Amino acid sequence: MAVPIAVLDCDLLLYGRGHRTLDRFKLEDVTDEYLVSTYGFPRQFIYYLVDLLGATLSRPTQRSRAISPETQILAALGFYTSGSFQTRMGDAIGISQASMSRCVANVTEALVERASQFIHFPEDEATVQTLKDDFYGLAGMPGVLGVVDCTHVAIKAPNAEDLSYVNRKGLHSLNCLMVCDSRGVLLSAETHWPGSLPDCTVLEQAALTSQFESELHKDGWLLGDSSFLLRTWLMTPLHIPETPAEYRYNMAHSATHNIIERTFRTIRSRFRCLDGSKGTLQYSPEKSSHIILACCVLHNISLEHGLDVWSSPATGHMEQPEEEYEQMESVDSEACRVRQELLLTHFS
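Residues numbered from 1 in each chain as written. Predicted model: local features only at pLDDT ≥ 70, side-chain atom pairs only at ≥ 80, totals over all residues. Heavy atoms only, no water.

### Topic: the sheet that holds strand S7 (residues 234–235)
Turning to step 1, where the next piece is worked out: With mixed pairing, the five strands of this open sheet are ordered in space as S5-S4-S3-S6-S7. Only two strands of the sheet have a single partner each, and these edge strands are strand S5 (186–194) and S7.
Turning to step 2, where the next piece is worked out: Here eight bridges tie strand S3 (residues 144–154) to strand S4 (residues 173–180), and the two strands are oriented antiparallel to one another. Paired with Ala154 across the two strands is Ser173, which belongs to S4. (Pairing = 2+ DSSP bridges. Helix = DSSP H or I, 4+ residues; strand = E, 2+ residues; numbered from the N terminus.)

### So, the packing of helix H3 (residues 43–57) against helix H6 (residues 97–113)
For any two helices packed against each other, one specifies the inter-axial angle together with the distance between the axes.
Turning to step 1, where the next piece is worked out: Viewed as axis vectors pointing N to C, H3 and H6 meet at an angle of 110°, and their least axial separation amounts to 10 Å. Relative to H6, the element H3 lies roughly perpendicular. The handedness of the crossing between H3 and H6 is right-handed. On H6, the residues that touch Leu53, Thr56 and Leu57 of H3 are Asn106, Val107, Ala110, Leu111 and Glu113.
Turning to step 2, where the next piece is worked out: Along the lines of polarity and charge, the residues of the contact of H3 with H6 split into five nonpolar, two polar and one charged. (Axes fitted to C-alpha atoms, helices over the stretch in contact; angles between N-to-C directions. Parallel < 35°, antiparallel > 145°, perpendicular 65-115°, else oblique. Left-handed = near helix turned anticlockwise from the far one by under 90°. Contact = heavy atoms within 4.5 Å. Nonpolar A, V, L, I, M, F, W, Y, C, P; charged D, E, K, R; others polar.)

### Details of the layout of surface pockets
Turning to step 1, where the next piece is worked out: When its volume is computed, the largest pocket comes out at roughly 520 Å³.
Turning to step 2, where the next piece is worked out: Together, 24 residues line the largest pocket, and Phe121, Pro122, Glu123, Leu216 and His217 are the ones closest to its centre.
Turning to step 3, where the next piece is worked out: Elements with a minimum of two residues in the lining of the largest pocket: helix H8 (125–139), S5 and helix H10 (207–213).
Turning to step 4, where the next piece is worked out: If you tally residues by element for the lining of the largest pocket, the top one is H8, at five residues.
Turning to step 5, where the next piece is worked out: Here the lining of the largest pocket is composed, by residue class, of 12 nonpolar, five polar and seven charged. (1 Å grid on protein atoms, 1.4 Å probe; cavity = no way out; pocket = protein on both sides within 12 Å on 5 of 7 lines; lining within 4 Å. Points joined across faces, edges and corners; volume = space filled by probe spheres on them.)

### What about the packing of H8 against helix H11 (residues 244–270)?
Turning to step 1, where the next piece is worked out: Put simply, H8 and H11 touch, their axes get as near as 8 Å, and they point 125° apart. With respect to H11, the element H8 is oriented oblique. The crossing of H8 and H11 is right-handed. From H8, Phe135, Leu138 and Ala139 reach across to H11, where they touch Ala252, Ala255, Thr256 and Ile259.
Turning to step 2, where the next piece is worked out: For the contact of H8 with H11, the per-class residue count stands at six nonpolar, one polar and no charged.

Right under this line is the structure:
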């Protein structure tokens with residue numbers, strides 16, 4: 001005789017039926033200081049996210065009670081900024097750890113759906129010119145549309161046989177290619193590349209390269225470090241500067257490119273699920289990539305809301321694998337000509 005199996009709902013056992021949404025936690029009942037210390041962001045920022053994501057997070061559910069958008073957002077922010085599904089955090093907003101996990105998944109996908117809304121290069125001429133002017137004001141480097149670099153985020157091993165995510169340090173990671181402006185606003189974020197790929201290979205295969213090779217962004221260039229090859233649209237430092245102009249170029253390049261490193265530190269400091277202090281992201285590469293991208297979206301939204309204080313380096317974050325740079329700059333003679341012209345025009 002078949003034995004019926006009862007599927008237990010932790011939230012149902014705790015709170016029972018009778019309410020459409022679980023609203024055990026009210027934002028108005030706590031201070032801003034509590035919200036920032038527990039969930040990483042102040043009240044008005046959270047209200048903005050509720051307005052932005054509310055419709056998506058209120059989609060019909062087969063469960064007896066949907067969790068309110070506000071509670072889902074708090075659960076996700078708690079995970080992003082702490083890196084753990086702590087029981088006390090679930091208790092604070094009145095949901096189980098299993099529900100916390102579902103909330104993170106829901107909010108992550110809602111943010112990823114809006115990534116192109118918040119992460120993109122400017123298109124109108126006035127904004128592009130402002131972008132260049134802001135970069136020029138940092139160290140005198142002209143024509144800069146963004147600074148580009150890669151950063152690794154540790155993930156759990158997908159399986160024993162798949163070595164594509166094992167980086168040069170022998171750790172499993174995703175290699176994330178990002179571009180930012182002079183304030184640290186992300187203009188491009190590709191978070192899905194396997195950790196075994198060197199930075200130059202990631203860029204070679206990236207959608208970012210297709211954009212610039214097709215001359216979608218004209219009259220300017222990105223700045224990248226020596227892990228990338230020199231291109232007409234990507235200025236790299238000189239390997240061995242010899243003249244005063246070459247030294248000035250390298251100094252301006254380094255001071256400007258440093259913005260992306262500061263941006264990585266800020267993201268890791270704000271979103272501790274990425275810094276390795278609580279361990280690796282315990283998800284598949286695809287889900288981990290989406291979590292990283294969701295944090296990038298939140299990073300840009302936070303800058304829009306004036307939460308743009310540069311953070312100090314995060315403690316315990318994953319050490320970045322060192323690249324062995326092979327100097328192949330002379331392969332692209334046109335790129336060499338463009339950089340030489342830049343040297344003569346602006347640094348001689």
